[in-house]
Amino acid sequence: MNVLIFEDEKRSADRLKTLLSQYDPRMVILAVIGSIQEGIIWFEDNPPPDLIFQDIVLEDGICFDLFAQVDIQTPIIFTTAHSDYALRSFEVNSIDYLVKPYSLKDLKVAIEKVNRLREVLVQPKENLLPEGLNREVRIPKKRFLVKIGDRYTAVPCRDVAYLTFDGGATHAVTFQDQRYVIDNSIASLSGQLDTEIYFQINRKFIIHVDSIQGIHSWFNSRLKVELSPSAGASVIVSRERVKAFKEWLDR
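Rules and cut-offs
- Residues numbered from 1 in each chain as written.
- Predicted model: local features only at pLDDT ≥ 70, side-chain atom pairs only at ≥ 80, totals over all residues.
- Heavy atoms only, no water.
- Helix = DSSP H or I, 4+ residues; strand = E, 2+ residues; numbered from the N terminus.
- Buried < 20%, exposed > 50% of the residue type's maximum accessible area, 1.4 Å probe, protein only.
- Contact = heavy atoms within 4.5 Å.
- Areas by Shrake-Rupley, 256 points an atom, 1.4 Å probe, with all protein chains shown as cover.
- Phe/Tyr/Trp six-rings, centres within 6.5 Å; stacked < 30°, edge-to-face > 60°.
- Lys NZ or Arg CZ within 6 Å of the ring centre and 35° of its normal.
- Patch = residues over 30% accessible without salt bridge, like charges linked within 9 Å, V, L, I, M, F, W, Y side chains within 5 Å.
- Salt bridge = Lys/Arg side-chain N within 4 Å of Asp/Glu carboxyl O.
- Lys, Arg positive; Asp, Glu negative; His and termini not counted.
- Charge placed at Lys NZ, Arg CZ, Asp CG, Glu CD.
- Pairing = 2+ DSSP bridges.
- Axes fitted to C-alpha atoms, helices over the stretch in contact; angles between N-to-C directions.

Caption draft 1: Looking closely at the overall build of the chain. Within the chain, the secondary structure is distributed over eight helices and 17 strands. Considering the chain as a whole, with its 251 residues, one finds that 39% of them fall into the buried category. Here the analysis covers contacts within the chain between residues at least 6 apart in sequence; of these, 51% occur between residues at least 24 apart. When the accessible area of the chain is evaluated, it comes to approximately 14,600 Å², of which 49% is carbon and sulfur surface.

Caption draft 2: Geometry of unusual backbone geometry. Going from K100 to P101, the amide bond is cis rather than trans, its omega being -5 degrees. With respect to the helices, strands and loops of the structure, P101 is situated in the loop between strand 7 (94-99) and helix 5 (104-121). If you check the backbone angles, D177 has positive phi at about 65 degrees while not being a glycine. Within the element layout of this structure, D177 appears in the loop between strand 11 (169-174) and strand 12 (179-182). One non-glycine residue, S221, lies in the positive phi region at around 65 degrees. With respect to the element layout, S221 can be found in the loop between strand 15 (212-217) and strand 16 (223-227).

Caption draft 3: Spatial organisation of the environment of G39. If you trace the backbone, G39 turns up in helix 2 (residues 36-45). Excluding its chain neighbours within four sequence positions, the residues that come into contact with G39 are F6, I33 and L66.

Caption draft 4: Local environment of the packing of aromatic side chains. According to the stated counting rule, one finds eleven aromatic pairs in the structure shown. One Lys or Arg, R15, reaches over the ring of Y102 and ends 5.5 Å from the middle of that ring.

Caption draft 5: Molecular detail of a negative patch on the surface. Taken together, E38, E59, D60 and D65 make up a surface patch of like negative charges. Mapped onto the fold, E38 is located in helix 2.

Caption draft 6: Seen up close, the pairing of strand 15. The pairing of strand 15 with strand 16 spans five bridges and is classified as antiparallel. Counted as the bridge partner of H216 is K224 from strand 16. Here strand 15 folds back onto strand 16, and the loop between the two strands holds five residues, one of which, N220, carries a positive phi near 55 degrees.

Caption draft 7: Seen up close, the sheet that holds strand 6 (residues 76-80). On the basis of which strands lie adjacent, the open sheet formed by five strands has the order 2-1-3-6-7 and parallel pairing. Because the sheet does not close on itself, it has two edges, and the strands there are strand 2 (28-33) and strand 7. On average, each strand axis in the sheet is inclined to that of its neighbour by 20 degrees, with strand direction left out of account. The pairing of strand 1 (residues 2-6) with strand 2 spans five bridges and is classified as parallel. Bridging from a neighbouring strand, N2 pairs with V28 of strand 2. With respect to the sheet, helix 2 is in contact with strand 1, strand 2 and strand 3 (51-54), its orientation differing from that of strand 2 by roughly 140 degrees.

Interpretation in functional terms is not warranted from these geometric data alone.
Right, here's the structure in full:
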């Protein structure tokens with residue numbers, strides 16, 4: 001099992017690694033991450049782990065700020081000294097909530113709960129419906145409701161060149177270079193828009209195919225995208241999304 005640990009206290013991280021080794025020496029600790037920013041970068045450059053051990057309070061904020069910016073589908077076991085965040089933890093993929101100091105027995109119970117849930121959720125192939133019947137019909141989002149001053153207006157999705165997270169908020173930028181603040185996060189929008197014309201290239205950008213004016217090779221096997229209207233700073237396709245991005249363009 002590949003495990004990712006979020007913990008900003010070295011002593012706590014070392015103890016957790018020791019307990020995990022005692023539970024199962026075959027466990028692979030992919031990284032120990034102490035901050036939200038470090039976590040964002042890690043998820044941009046690496047495939048998802050099998051399990052996350054998540055401290056609540058990190059060097060630069062609380063972990064829920066990370067979940068607002070990165071779409072994390074991995075099961076999470078919270079390991080924290082703060083019992084007052086228990087209810088909020090179940091808004092994400094929380095399987096268990098361990099309050100420090102926890103024991104090897106506590107850890108074992110939590111991990112076995114993850115394993116049991118995996119067995120329940122993964123159905124045998126022979127029990128599945130035919131693919132055409134089992135597939136959920138998803139209707140792409142058509143418009144955004146935005147507030148301008150004291151009034152509201154609807155902006156059609158077809159008019160939006162790209163969506164970007166900037167300055168603590170998500171913005172929809174139209175082909176006419178109009179900018180609107182919207183309530184949705186980039187991660188949640190990625191599953192709502194028409195994937196024929198929209199693609200999430202990194203944690204901060206979802207772009208319309210018609211907004212692309214140029215594509216260039218970039219460092220670390222990434223791509224740089226020129227957008228219209230211009231986004232100002234460099235817009236980079238994260239390394240783990242490059243292959244899917246090329247396939248999306250080549251349909």
